[in-house]
Every structure is written in structure tokens, then in C-alpha cells.
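Chains, contacts and geometry: an overview
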Amino acid sequence: MRRYELTDTEWESLSRHLPSTVTGGRPREDDRRVLNGIVWKVRSGAPWRDVPARYGSWKSIYTRFRRWALNGTFAKMLAAAQADADAAGDIDWLVSVDSTIVRAHQHAAGAKRGQPETDKPDHAIGRSRGGLTTKIHLACDGAGRVLAFVLTGGNVNDCTRFEQVMNAIRVDRRGPGRPRTRPDHVIADKGYSTRGIRRYLRRRGIAHTIPERSDQQDNRRRRGPRGGRPPSFNKLIYRHRNVVERCFNRLKHCRSIATRYDKTSSSFHATVTIAALLQWL
């Protein structure tokens, strides 16, 4: 086994979620070799043309990557890995939410509009103070593994995508019962301290630890009794917020995420999904 390649255990857990190995009555290239080539590209950040020849034709690898990205194969793999962890009681439902900025390389710009329906109109690239950037809004479990994420342009405010990220959490059960969508507790920083977010969490019965911003504290004190009571805040629980930062750190070990090279939002979404999947294996 060479660097960046899947182990036998990882391949065994992923192979059962791949589409049929026969296309049009003709066997296609070895799935394990192709998937190793995809993982190599995601981890190394190299151009598709530079994928080593031992993985086969780079065109075949890229074609398979795009096909699996558009038909949801990578998303199904991630959902299956999360379901396996849940069945083993391995998910810590102390969930942390945050976002990170990814600088878009110049090769990531210029994608045509009117791409497949899975693509965003702006391909999740926005112009911010750092130039062209993409923002990954993410929720992770207590062990720092990705539960759900949303892509936007880098100029989008964190709190505007909080509900979308929370609604994307969906862990299937291995057996009867509906998928689990509600964490035990949510941790977020001051950027998520809004009335709308707190109402949303209370409505769903989710306990949360979100510090209040200083301007919100001043406004509440200035209003006196009409300002209401301050929201509860547990310092001991808030110490676990570093878990989401470590999750981003591990994601960006994949150089295709530390810097975005994918032109379309669907391809970059698949790249992040693959990196998130590797955390669960």
C-alpha cells in the first residue's frame, strides 16, 4: 500500500456502497484503483493530469469522480459510515458548529453558469477581503468528525446558514426508527449569538452554549428590567468548542480543501465529502 491509498479495512467498508461494476454489459476499470486515485488527488491537491499512472487513465478517474459526485455516491458513503458509527454507539452528540474560509485558486474561477442542478449559481465562490473564497459551514460531533456541511461564498455571514447546517444533520439507523436529526447539545461562538438562532434551538428542544456578544449585553443592561435575563452559559461545556477547530484542521490536511481548485460547487462538495468520509473510516 502506497501513501494516500485506502487500507483493506477502509476499502471493505466502502466497496459495498459503490454502484455496480458492470456498465453497459462491459466491465469497467478496477473500482479500488480508481477510488485510490481519487483519494490521492484529494489529499495531494495535484491536478487531475498529474494523478500517477498506476491508478489508470486520469480521464477515467476524473470521469468516475464527476459521475459519483453528481449521482450522490460519495454522499451515500458518508451517510453509511455515520450510520455504522451510530449503530456502534460511537457518535458523541455534543455538536459544535462553525465555519472556515478556503481560498479559491485562480484555476477554480471561470466555471460556466447553467451547470448541473447540483451546482450553485455562483459555484459557492464569493469575493471577500481575501479575494475569491469559499466558506464551509460545518457541524461536527464531539470527536471532531463531520456530521453535515454547507458551502457558500466566502462573503456570506455565518449565522445566516446555521439552520441550513442543522437541518442537514441526518444519521440513519441500522434497523427500525427514523434518522436522528437532533443533537443533545450545540456549541457555537459569538457569531451565532442571535435571537433567531436561540429561538430555533429552543423550538427544537436542543440545549445550547453560545456566548452573548458584548453589544448585546450592553443593550440588555441599558433596557433594565425590560432587557430580560441573560441567556444561560456553561463555561465548562464551551471549552469543548475547540473540537470543531481541530475538525477543520484535519480536513485541510487534504490540500484540495486547504486551497480550492475545483471549478464547480458540485465537485468541491464531493471533495469535502471525501475528506469528511476519511474521518469516519
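Keep in mind that what you see is a predicted model, and the values were worked out from it rather than measured.

**So, the side chain of Asp31**
Relative to the helices and strands, Asp31 resides in helix H2 (residues 31-44). Of the polar contacts made by the side chain of Asp31, one reaches the side chain of Arg64; its length is 2.8 Å.

**A short note on the pairing of strand S6 (residues 146-153)**
Of all eight residues that make up S6, eight are buried, and the element is covered over most of its length. Sheet topology places strand S5 (residues 131-140) next to S6; seven bridges connect them, and they run antiparallel. Looking across to S6, one finds that Ala139 is bridged to Ala148. The hairpin turn running from S5 into S6, its antiparallel successor, is five residues long, and Gly144 in that turn takes a positive phi close to 80°.

**Overview of the confidence of the model for the chain**
Any segment with low pLDDT has predicted coordinates that should not be analysed in fine detail. Overall, the prediction assigns the chain a mean pLDDT of 90, with 94% of residues at 70 or greater. In the model of the chain, strand S2 (residues 26-27) stands out as the element of lowest mean pLDDT, 53, in contrast to strand S7 (residues 185-187), which has the highest, 97.

**Observations regarding helix H9 (residues 242-251)**
All of the buried residues along H9 are Val243, Val244, Cys247, Phe248 and Leu251. End-on, the buried residues of H9 take up no more than an arc of 145°, which puts them together on one face. The secondary structure elements touched by the buried residues of H9 are strand S3 (94-104), S5, S6, helix H10 (255-258) and helix H11 (265-280).

**Notes on the pairing of S3**
Counted residue by residue, S3 has nine buried out of 11 residues, so it is predominantly covered. As defined by bridge partners, S3 adjoins S7 across three bridges and the pair is classed as parallel. Considered in S7, the bridge of Ser96 is made with Ile187. In terms of strand pairing, S3 meets S5 through eight bridges, oriented antiparallel. Note on S5: the bridge partner recorded for Ser99 is His137. As defined by bridge partners, S3 adjoins strand S9 (residues 259-260) across two bridges and the pair is classed as parallel. Each residue of the ladder has a partner; that of Ala104, found in S9, is Arg260.

**Observations regarding the nonpolar core**
Core analysis: the largest hydrophobic core is formed by 68 residues, its most contacted members being Ile38, Phe74, Ile136, Leu138 and Phe162. Looking at which element gives the most residues to this core, the answer is H11, with nine residues. Apart from the residues lying within four places of it in its own chain, the contact partners of Leu138 are Ser96, Val97, Asp98, Val146, Ala148, Phe149, Val165, Val244, Cys247, Phe248 and Leu251.

**A word on the environment of Ala69**
By secondary structure assignment, the location of Ala69 is in helix H3 (residues 58-70). With 204 residues separating them in the primary sequence, Ala69 and Thr273 have C-alpha atoms 9.3 Å apart. Setting aside residues no more than four positions away along its own chain, Ala69 makes contact with Phe74, Ser266 and Ala270.

**Side note on a positive patch on the surface**
Taken together, the side chains of Arg195, Arg199, Arg202, Arg203, Arg223 and Arg226 make up a positively charged region of the molecular surface. Tracing the chain through its elements places Arg195 in helix H6 (residues 195-203). A residue is classified by how much of its surface remains accessible, and Arg195, at 63% relative accessible area, is exposed.

**Re unusual backbone geometry**
Positive phi values are uncommon outside glycine, yet Tyr4 reaches one of about 75°. Relative to the helices and strands, Tyr4 resides in the segment before helix H1 (8-15). A positive phi angle, near 60°, is found at Ala124, a position not held by glycine. Looking at where Ala124 falls in the secondary structure, it is placed in the loop between S3 and strand S4 (126-128).

**Notes on the packing of H9 against H11**
Orientation of H9 relative to H11, taken along the N-to-C sense of each, is 115°, at an axis distance of 10 Å. Judged by the inter-axis angle, H9 sits roughly perpendicular to H11. Crossing hand, H9 versus H11: right-handed. Mapping the contact onto sequence places Cys247, Arg250 and Leu251 in H9 and Ala275, Ala276 and Gln279 in H11. Its residues placed into classes, the contact of H9 with H11 shows four nonpolar, one polar and one charged.

**Notes on the side chain of Thr100**
Assignment of secondary structure puts Thr100 in strand S3. Residue Thr100 is classed as buried on the basis of its relative accessible area of 12%. One polar contact links Thr100 to Lys252, side chain to side chain, over a distance of 2.8 Å. The contact partners of Thr100, leaving out residues within four places of it in the chain, are Thr134, Lys135, Ile136, Phe248 and Lys252.

Cut-offs and rules
Residues numbered from 1 in each chain as written. Predicted model: local features only at pLDDT ≥ 70, side-chain atom pairs only at ≥ 80, totals over all residues. Heavy atoms only, no water. Helix = DSSP H or I, 4+ residues; strand = E, 2+ residues; numbered from the N terminus. Polar contact = N/O pair within 3.5 Å; in protein donor to acceptor, adjacent residues only side chain to side chain. Buried < 20%, exposed > 50% of the residue type's maximum accessible area, 1.4 Å probe, protein only. Pairing = 2+ DSSP bridges. pLDDT = per-residue confidence, 0-100. Arc of directions from axis to C-beta. Contact = heavy atoms within 4.5 Å. Core = buried A, V, L, I, M, F, W, Y, C linked by side-chain atoms within 4.5 Å. Patch = residues over 30% accessible without salt bridge, like charges linked within 9 Å, V, L, I, M, F, W, Y side chains within 5 Å. Areas by Shrake-Rupley, 256 points an atom, 1.4 Å probe, with all protein chains shown as cover. Salt bridge = Lys/Arg side-chain N within 4 Å of Asp/Glu carboxyl O. Lys, Arg positive; Asp, Glu negative; His and termini not counted. Charge placed at Lys NZ, Arg CZ, Asp CG, Glu CD. Axes fitted to C-alpha atoms, helices over the stretch in contact; angles between N-to-C directions. Parallel < 35°, antiparallel > 145°, perpendicular 65-115°, else oblique. Left-handed = near helix turned anticlockwise from the far one by under 90°. Nonpolar A, V, L, I, M, F, W, Y, C, P; charged D, E, K, R; others polar.

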